[in-house]
Amino acid sequence: MQKAERDAITRQCVVLPETPRQRRERAALEEDLRSIALSGKPLPIRARHFRPSADAYLLATRGPLPYMLRLREIEQRTETHEATLRAAWLALADECAEEDARFRIRWEASARAQAFDEVNDLIARHNRWYPVESRLPMDPRRRDYALVNGRDYRLDELDAAWVLERFPAELSSARAALP
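What counts as what
Residues numbered from 1 in each chain as written. Predicted model: local features only at pLDDT ≥ 70, side-chain atom pairs only at ≥ 80, totals over all residues. Heavy atoms only, no water. Helix = DSSP H or I, 4+ residues; strand = E, 2+ residues; numbered from the N terminus. Rg over C-alpha atoms; globule rule 2.2 N^0.38 Å. Buried < 20%, exposed > 50% of the residue type's maximum accessible area, 1.4 Å probe, protein only. Contact = heavy atoms within 4.5 Å. Phe/Tyr/Trp six-rings, centres within 6.5 Å; stacked < 30°, edge-to-face > 60°. Patch = residues over 30% accessible without salt bridge, like charges linked within 9 Å, V, L, I, M, F, W, Y side chains within 5 Å. Areas by Shrake-Rupley, 256 points an atom, 1.4 Å probe, with all protein chains shown as cover. Salt bridge = Lys/Arg side-chain N within 4 Å of Asp/Glu carboxyl O. Expected span 1.5 Å × (residues − 1). Arc of directions from axis to C-beta.

Novice: Looking at this structure, how should I read the overall build of the protein chain?
Specialist: Helix and strand counts for the protein chain come out as 8 helices and 2 strands. Ordered by position from N to C terminus, the α and β elements of the protein chain give α-α-α-α-α-α-β-β-α-α. Over its C-alpha trace the protein chain gives a radius of gyration of 32 Å, far above what one expects of a compact globule, namely 16 Å for 179 residues. Along the first, second and third principal axes, the C-alpha atoms of the protein chain reach 100 × 45 × 35 Å. Evaluated residue by residue, the protein chain yields a buried proportion of 21% over its 179 residues. Taking the intrachain contacts of the protein chain between residues at least 6 apart in sequence as the baseline, contacts between residues at least 24 apart amount to 68%.

In structure tokens form, the structure reads like this:
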């Protein structure tokens, strides 16, 4: 047995005098006890059963999780595309005054010519990694991941059908939306 270990064992029951640092710490603790408003009163009951929420994730990880950032980026880019497409749709409607067939042909060609590569790349990454990053449970009946708010977690990529769904190739719809 080494001397340091032997000395530590023999001093276990010895009470040493209080140091200045220990006195300051004890005084600070006593002051904290006097200043607590709930001192001498029963503590309020807190519900211990809770479900994890986005707020809890953000607090625990000190920031949004990767899938949250990616979803926000997808939303922002989609909104930008929608605003651009709406402006083009209304401009074409104004240009094609009363020519339904010309409007339809030009708008469908414009919808097919749109490039959504960056957003579609983000959507593909979301569809691939969301279940892992969000710890989505499996649903044995479906043999797939559980539904999120009653819907599949997968997002559809943007394409010409998405454009035509939001902005139909009908001159009457576009003219009704003109300010």
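Novice: Please explain the packing of aromatic side chains as it appears in this structure.
Specialist: Taken as a whole, this structure holds 5 aromatic pairs when the rule is applied. Between Phe116 and Trp162 the ring centres are 5.6 Å apart and the planes differ by 80°, which places this aromatic pair in the edge-to-face class. Placement of Phe116 in the loop between helix H5 (100–113) and helix H6 (117–133) and of Trp162 in helix H7 (residues 160–166) is noted, with a sequence separation of 46 residues between them. The pair formed by Phe116 and Trp162 is uniform in burial state, with each residue classed as buried. Clustering of aromatic rings is evident, with ring pairs tying together Tyr67, Tyr130, Tyr145 and Tyr153.

Novice: Is there a simple way to explain a nonpolar patch on the surface in this structure?
Specialist: A cluster of nonpolar side chains, namely Leu33, Ile36, Leu38 and Leu43, defines an oily patch on the protein surface of about 420 Å² accessible area. With respect to the helices and strands, the residue Ile36 is situated in the loop between helix H2 (20–35) and helix H3 (54–61). Of the residues examined, Ile36 reaches a relative accessible area of 44% and is grouped as partly exposed.

Novice: Would you explain H5 in this entry?
Specialist: Working note: α-helix, 3.6 residues per turn, so residues spaced by three or four point in the same direction. With 14 residues, H5 should cover 20 Å at 1.5 Å per step; its first-to-last C-alpha distance of 20 Å lies within 8% of that length. Of all the positions in H5, only Phe103, Trp107 and Ala111 are classed as buried. Around the axis of H5, the buried residues are gathered within 60° of arc, so they sit on the same side. Across from the buried face of H5, at angles greater than 90 degrees, the exposed residues are Ala101, Ile105, Arg112 and Ala113. In this structure, the buried residues of H5 make contact with helix H4 (66–95), H7 and helix H8 (171–177).

Novice: Sorry if this is basic, but what is going on with the pattern of salt bridges here?
Specialist: Two side chains carrying opposite charge are able to pair once their charged atoms lie near each other. Overall, the coordinates contain 18 salt bridges when judged by the stated rule. Residues Asp121 and Arg125 are paired through a salt bridge, measuring 3.3 Å at the closest nitrogen-oxygen approach. Separated by 4 residues within a single helix, Asp121 and Arg125 lie in helix H6, roughly one turn from each other. On the basis of relative accessibility, which here comes to 39%, the residue Asp121 falls in the partly exposed class. Residue classification places Arg125 among the partly exposed positions, given a relative accessible area of 39%. Residues joined in a network through salt bridges with shared partners are Glu95, Glu99, Arg102 and Arg106.

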